[in-house]
Amino acid sequence: HYWSLSIEEQFYFVWPWLMLGLLLIGRRLRFWRPEHARPVAGVAIAAISVVSLWLAFVQTTSNPTVAYFSTFVRAWELGLGALVAIAAQPLARRDPRLRLVVALVGLLGVLVSLCVVRSSPGFPAPWALLPTLSTAAVLGAGPGLTSRLLLPLTNPVSQYLGKISYS
């Protein structure tokens, strides 16, 4: 199970250097301002993620083993998380009712993916889209939502397991 950690570590090693290089290039341009950093990083992340997702579709059909284990093929999943992080601040200012709907749709998508996503042909593309986009919706809805409908995520047991699981 260490392969997922190796993909993450490769991604975390390359991603900051890529973003730093992009920002350093941007700073050399005359029209560059600090407020350009977030949108430029977002566009770069989105472009890389789209290429990675396309590669996931291609590799899943031609060589599923490579598709499953390849950092390049799986980068779109981590890129989606990076896009959520970039968009999180503006999303957190949205109407709490809309955020709750987004979180519930995401939670429902995660639960549905437990039943419909197969480990056989079609993974990581297209089958990884459902749980990945659903998780992004839950994370994108942001913190601070209160509703009994979110009890699977907000109860003390889930929060404790979440706090200790990553470390």
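From a predicted model like this one, the values you see are computed outputs, not experimental measurements.

Caption draft 1: Representation of the environment of Ser 165 in the model. Its location among the elements puts Ser 165 in helix 8 (residues 156–165). On the basis of relative accessible area, Ser 165 is assigned to the exposed category, the value being 55%. Among the polar contacts listed, one links the side chain of Ser 165 to the backbone oxygen of Gly 162, at a separation of 3.3 Å.

Caption draft 2: Up close: the environment of Ala 85. With respect to the helices and strands, Ala 85 occurs in helix 4 (residues 71–92). By relative accessible area, which is 52% here, Ala 85 ends up exposed. It is 28 Å that separates the C-alpha atoms of Ala 85 and Cys 115, two residues lying 30 residues apart in sequence.

Caption draft 3: Representation of the nonpolar core in the model. Grouped together as the largest cluster of nonpolar side chains are nine residues: Phe 11, Trp 15, Met 19, Ala 41, Ala 44, Ile 45, Ala 75, Ala 82 and Ile 86. For this core, the secondary structure elements donating two or more residues are helix 1 (2–27), helix 2 (37–62) and helix 4. For Trp 15, the contacting residues outside a window of four places in its chain are Ile 45, Ile 48 and Ala 82. By size, the runner-up hydrophobic cluster in this structure holds seven residues, among which are Ala 56, Ala 67, Val 73 and Ala 128.

Caption draft 4: Examining the packing of aromatic side chains more closely. Evaluated as defined, the whole model comprises four aromatic pairs. Geometrically, the ring pair formed by Phe 11 and Tyr 12 is edge-to-face, given 6.0 Å between the ring centres and 70° between the ring planes. Classification of Phe 11 by relative accessible area gives buried; the value is 7%. With relative accessibility at 38%, the residue Tyr 12 sits in the partly exposed group. A centroid spacing of 5.1 Å and a plane angle of 85° characterise the contact between Tyr 68 and Phe 69, whose relative ring orientation is edge-to-face.

Caption draft 5: Broad picture of unusual backbone geometry. Looking along the chain, the bond that leaves Phe 123 and enters Pro 124 is cis, with omega of 20°. Tracing the chain through its elements places Pro 124 in the loop between helix 5 (96–116) and helix 6 (129–141). Note the cis peptide between Ala 125 and Pro 126, where omega equals 10°. Mapped onto the fold, Pro 126 is located in the loop between helix 5 and helix 6.

Parameters at a glance
Residues numbered from 1 in each chain as written. Predicted model: local features only at pLDDT ≥ 70, side-chain atom pairs only at ≥ 80, totals over all residues. Heavy atoms only, no water. Helix = DSSP H or I, 4+ residues; strand = E, 2+ residues; numbered from the N terminus. Buried < 20%, exposed > 50% of the residue type's maximum accessible area, 1.4 Å probe, protein only. Polar contact = N/O pair within 3.5 Å; in protein donor to acceptor, adjacent residues only side chain to side chain. Core = buried A, V, L, I, M, F, W, Y, C linked by side-chain atoms within 4.5 Å. Contact = heavy atoms within 4.5 Å. Phe/Tyr/Trp six-rings, centres within 6.5 Å; stacked < 30°, edge-to-face > 60°.

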